[in-house]
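Inside the fold
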Amino acid sequence: MNRRLVLLSVLILMTVSNVLSQERRRGFPEGTMGGIIKGHVIDETLQVPIEYANVLIYSQRDSAQVTGTITDMEGNFTLAGIRPGNFYMKISFMGYHTHSVDNVELRRDKREIDLGTIPLKQAVIQMEGIDAVAEKPALEYKIDKKVVNVEQHYTATSGTAVDVLENVPSVTVDIEGNVQLRGSSNFTVLIDGRPTILEPNDALQQIPANTIENIEIITNPSAKYDPDGTTGIINIVMKKDSELRGASGIVNLNIGHGDKYGGDFLLNLKRKKYGLLFGANYNKRFSTGDSEVENRTFFQDTTSYIESSGNRERQREFFGVRGGVELYPGSHDDLTFGFRYGEFSMGGDSRQDYDEWTEPGGQHNLYISQEESEHSGEYYSLNMDYRHRFAQQGHELSGQVIYSGRDGNDDTVNELRDMNRTITSGQRSTEKGPSHRLRLKLDYVLPLREKDRFEAGYQGRISSSEEANELYDYNPDSGEYEIQDDYSHTTNYDRDIHSIYTMFAGEYRSFGYQWGLRGEYTDRLIELAGEDASFTIDRWDYFPTAHVSYKLPAGQQLMASYTRRIDRPRGWYLEPFRTWMDAYNVREGNPDLKPEYIDSYELGYQIFFGKNLLSAETYYRRTNNRVERVRSIFLEDGYTAEDNVTLHSIQNVGRDYALGTEFMFNINLRQWWNMNLMSNIYGYEIKGTLNDESFSRDSFNWDARLNHTITLRKSTRVQITGMYHSKSVSAQGERKGFFMTNLALKQDLMGKNLAATLQIRDLLQTGKHESVSEGKDFYKYSHFTREAPIFMLNISYNINNYRPERERDRDQPEFEGEEEF
């Protein structure tokens, strides 16, 4: 691994250790015979618990800090091992006024004090001409996940979940909207804790940012979650307004230059015995871009060149509806029914001017390539959730049934024309077919002692799909496209995964722990219709997990975790045949591909000082059976190196390693100026065997995001975001780095019932996608830029015909609530 990164990680841990030792020296010594102070912290307005509030205790005599802690997920705190004396306390959290408790006295005959419920009042920042209520931070670090509060990302208001993720540590997004979590595109997407049948990037592209409450980044999930995905889980938590009783809703409209527009709405009706939800969205986005590509192939003493340049037009159109009914038949039972339905269409046109020649030789062949493509379809999901709570607090049984499906259709036409616009060759490829998935889930939680619990459960995933691939070649004599049977196939996929898990979690004083083990049985069958070819898997896998935490004085916390995960190959990666993508590219799947197995370790540290937060997280990830897309010259079916056709295959090439550190620093520079700095620095190494030759490549990667939110005057805010992503390597290539800046202006009107947000994305026109791929007999360079800057205006209106539910049952679940560790 990169020596600089190893040294950096060691220095971070040494610094943390030094800080901790200093804190211990400053506080009073703790003992088992000391006193106890406990309490419960809530939001004064919403009457809900506040997690991670900072609780500090000071000596009344000299104001020296004695010790401190933070509240748990229920808003409770306990300070133990305190010597007798007179004290005062301060309880604080970002966005709230600090609450003081005076005259706290511990005596030998009064060793325990219960402060009861402590309400924190939302802060109001008083400035000349400004009366602004403090809001949630844009990003919160919790013990098991990072929580992105979407409403604080003004630069993504008119966009999708992908646009929000641009501002999140651990996540990188290129200018074409491709998402990576800690350098890998292999992750799992959940929506309200439920899996989606769509591919991760497709799902994220179709969810409007205005309909999202928050996004959870879970890089080391517990045994309760599916272990799929190299780098973890991105959970999209949709807006539900479940804290409110009565009718409520929100309507959003957006419009931008260049055929960009859309809208969405969400309506809620909440009653004592039931709740109703219905929402819909439609968005259309059109964009243009310019590309340049240079290809070289080498054979003996001859080099073949193909250079191309031109423009691309892309259009994305999405429509979706969702709804649900939440029933409360009794004080101990909840029953929820929900549905989702959506349609999508993503396509584009491109024109590229080509120049082809060989050396030695030198004669140039000029021609034009035109391509039209469309990826469209529909998807649906039906779910039923049930939860029963026993008499003992925290003792519960829950179940879930989800049935989902999709029907997709891909159609691509690529034509080569001479300079007289005559078609010289053409290909049309189609891929279509339905897929279905049934998911069953049963979870049981049993409290053992006051802070310990046992969990166990079963999960079943039963899925099937059919994909029909067809290839058509252009016949210049008839002017028609004719099917090529040798390259047309229908494939049936059936896969069943049955899982059982168990977990034990608890706390001992300041120490928290959670151990888990998950076993999964996989039964998979791939068959080619009409052909004597099948590929099977019959296998058990085991996935241990461990999470520990330690609460330190002054609101500090140290966390560590380990998980074992799996990334199963899917889609065309498993196709047992070749498919022509266009005139110069052929792809070939590998049904014998092994899954990737990942060992992931994390160590994190947090400290609150005042209303500011510093968080550091060091991680190490090792991937076995690393899967990579591999390029080579296509030399079969009569093709030679001079034809410049590239074969794209998929292989297990070896192992990769990532060691890095993530930082997040949130600080209020002034009452009206908040700054948030996030950075991910990691070393990456991949090594193994490719084309019967050993290889090893490494890179030092880093990305940073700097976000400024400035309150200009009453109800007016400006947000400026800058981000940089460094270069990174793969088995055969390198992706170049890029920088981008976004700007947003938000104005609240009509008592905050109406809000207008103007966004400017890629303000400085610096976004690009640039990469190099090379092997012993080929070289490829590509460069793509999209239209910039992009202007969007979003109008949002809140329908607030409701009253706050002040006496809401604390145990009542949120509508479509997500899973928890």
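In this text the structure is predicted, and so the values were computed from the model without any measurement.

**Concerning the environment of T302**
Within the element layout of this structure, T302 appears in strand β21 (residues 302–330). C-alpha separation for the pair T302 and T358, spaced 56 residues apart in sequence, amounts to 6.9 Å. T302 has contacts with T297, T358, E359, P360 and E642, leaving out every residue within four places of it along the chain.

**Points about the nonpolar core**
Membership of the largest hydrophobic core comes to 29 residues, with the highest contact counts inside it found for L165, V179, L204, I215, I234 and I236. Elements represented by at least two residues in this core include exactly α2 (161–165), β12 (171–173), β13 (179–181), β14 (188–191), α3 (200–205), β16 (212–218), β17 (233–238) and β22 (333–359). Per-element tally for this core: the top contributor is α2, with four residues. Setting aside its immediate chain neighbours within four residues, L165 contacts V171, V173, V179, L204, I215, I217, I234 and R705. V41, Y52, I57 and F87 belong to the second largest nonpolar core, which has 23 residues in total.

**Describing the pattern of salt bridges**
Per the counting criterion, the structure on display carries 39 salt bridges. Ionic pairing is found between D411 and R428, a salt bridge with its closest N-O pair at 2.7 Å. Residue D411 is found in strand β24 (residues 396–417), and its partner R428 is found in strand β25 (residues 423–447); the two are separated by 17 residues along the sequence. A relative accessible area of 29% places R428 in the partly exposed class. Across the pair E507 and K451 runs a salt bridge whose closest N-O atoms are separated by 3.7 Å. Placement of the pair is E507 in strand β28 (residues 489–508) and K451 in the loop between β25 and β26 (453–475), with a sequence separation of 56 residues. With relative accessibility at 39%, the residue K451 sits in the partly exposed group.

**Observations regarding the pairing of strand β32 (residues 578–582)**
Summarising burial for β32: four of the five residues are buried, a large majority. Judged from the four bridges that link them, β32 and strand β33 (residues 585–588) form a sheet pairing that is antiparallel. Across the sheet, residue T579 finds its bridge partner in β33, namely R587.

**Brief notes about the sheet that holds strand β4 (residues 76–82)**
Across the sheet, which stays open at both edges, the three strands sit in the order β4-β1-β7 with mixed pairing between neighbours. Every other strand in the sheet has two partners, leaving β4 and β7 (112–120) as the edge strands with one partner each. Pairs of neighbouring strands in the sheet enclose a mean axial angle of 15 degrees, with direction left out of account. In the sheet, strand β1 (residues 35–43) pairs with β4 via five bridges, with the strands oriented antiparallel. Bridge pairing in β4 links G35 to I82.

**What about unusual backbone geometry?**
Note: most residues except glycine have negative phi, and most peptide bonds are trans. Each neighbour pair has its own omega, and for E359 with P360 the value is 0 degrees, a cis peptide bond. One can find P360 in the loop between β22 and β23 (365–389). Geometrically, the link from A788 to P789 is a cis peptide bond, its omega value of -5 degrees lying close to zero. Tracing the chain through its elements places P789 in the loop between β45 (778–786) and β46 (790–799). The phi torsion at N691 lies on the positive side, around 55 degrees, for a residue other than glycine. Relative to the helices and strands, N691 is located in the loop between β37 (673–690) and β38 (693–713). By relative accessible area, N691 is classed as partly exposed at 42%. The phi torsion at D762 lies on the positive side, around 55 degrees, for a residue other than glycine. Relative to the helices and strands, D762 is located in the loop between β43 (754–761) and β44 (769–775).

**Structural notes on the environment of N469**
Among the secondary structure elements, N469 is positioned in strand β26. A sequence separation of 36 residues divides N469 from G433, and the C-alpha atoms of the two residues are 9.0 Å apart. Dropping the residues within four chain positions of it, N469 is found in contact with T430, E431, Y487, S488, H489, E575, F577, T579 and R587. Within the structure, the side chain of N469 is placed 3.3 Å from the side chain of E431, a separation counted as a polar contact.

**Brief notes about a negative patch on the surface**
A surface patch of like charges, here negative, comprises D494, D523, E527 and D538. If you trace the backbone, E527 turns up in strand β29 (residues 511–528). On the accessibility criterion, E527 (35% relative accessible area) is partly exposed.

**Some thoughts on the confidence of the model for the protein**
Averaged over all residues, the pLDDT of the protein equals 83, while 87% of them reach at least 70. Ignoring residues within four places in sequence, the model shows residues 4–32, a span with pLDDT below 50, making 40 contacts including any to other chains.

**Brief notes about the sheet that holds strand β6 (residues 99–106)**
With respect to topology, four strands assemble into an open sheet ordered β3-β2-β5-β6, the strand pairing being antiparallel. Looking along the sheet, the strands with just one partner apiece sit at the ends: β3 (65–70) and β6. Between one strand and the next, the sheet's axes are offset by a mean angle of 20 degrees, whatever the strand orientation. Across six bridges, the pairing between strand β2 (residues 54–59) and strand β5 (residues 85–92) is antiparallel. Bridge pairing in β5 places I57 opposite M89.

**Details of the packing of aromatic side chains**
A full pass over the atoms with the stated rule returns 23 aromatic pairs. A centroid spacing of 5.2 Å and a plane angle of 15 degrees characterise the contact between Y58 and Y88, whose relative ring orientation is stacked. Linking Y58 in strand β2 with Y88 in strand β5, this pair joins segments that are 30 residues apart in sequence. A relative accessible area of 15% places Y88 in the buried class.

**What to know about the side chain of N475**
With respect to the helices and strands, the residue N475 is situated in strand β26. On the basis of relative accessibility, which here comes to 18%, the residue N475 falls in the buried class. Within the local environment of N475, its side chain forms a polar contact with the side chain of E482, the two groups lying 2.8 Å apart. Residues within four places of N475 in sequence aside, it is in contact with E480 and E482.

**Some words on the pairing of β16**
Within β16, six of the seven residues are buried, which leaves the element mostly enclosed by the surrounding structure. Pairing of strand β11 (residues 146–149) with β16, which is carried by four bridges, proceeds in the antiparallel orientation. Residue pairing in the sheet places V148 in a bridge with I215 of β16. Strand direction decides the pairing type here: β16 and β17, joined by six bridges, are antiparallel. When the sheet's bridge partners are listed, I212 is paired in β17 with M238.

Criteria and cut-off values
Residues numbered from 1 in each chain as written. Predicted model: local features only at pLDDT ≥ 70, side-chain atom pairs only at ≥ 80, totals over all residues. Heavy atoms only, no water. Helix = DSSP H or I, 4+ residues; strand = E, 2+ residues; numbered from the N terminus. Contact = heavy atoms within 4.5 Å. Core = buried A, V, L, I, M, F, W, Y, C linked by side-chain atoms within 4.5 Å. Buried < 20%, exposed > 50% of the residue type's maximum accessible area, 1.4 Å probe, protein only. Salt bridge = Lys/Arg side-chain N within 4 Å of Asp/Glu carboxyl O. Pairing = 2+ DSSP bridges. Axes fitted to C-alpha atoms, helices over the stretch in contact; angles between N-to-C directions. Polar contact = N/O pair within 3.5 Å; in protein donor to acceptor, adjacent residues only side chain to side chain. Patch = residues over 30% accessible without salt bridge, like charges linked within 9 Å, V, L, I, M, F, W, Y side chains within 5 Å. Areas by Shrake-Rupley, 256 points an atom, 1.4 Å probe, with all protein chains shown as cover. Lys, Arg positive; Asp, Glu negative; His and termini not counted. Charge placed at Lys NZ, Arg CZ, Asp CG, Glu CD. pLDDT = per-residue confidence, 0-100. Phe/Tyr/Trp six-rings, centres within 6.5 Å; stacked < 30°, edge-to-face > 60°.

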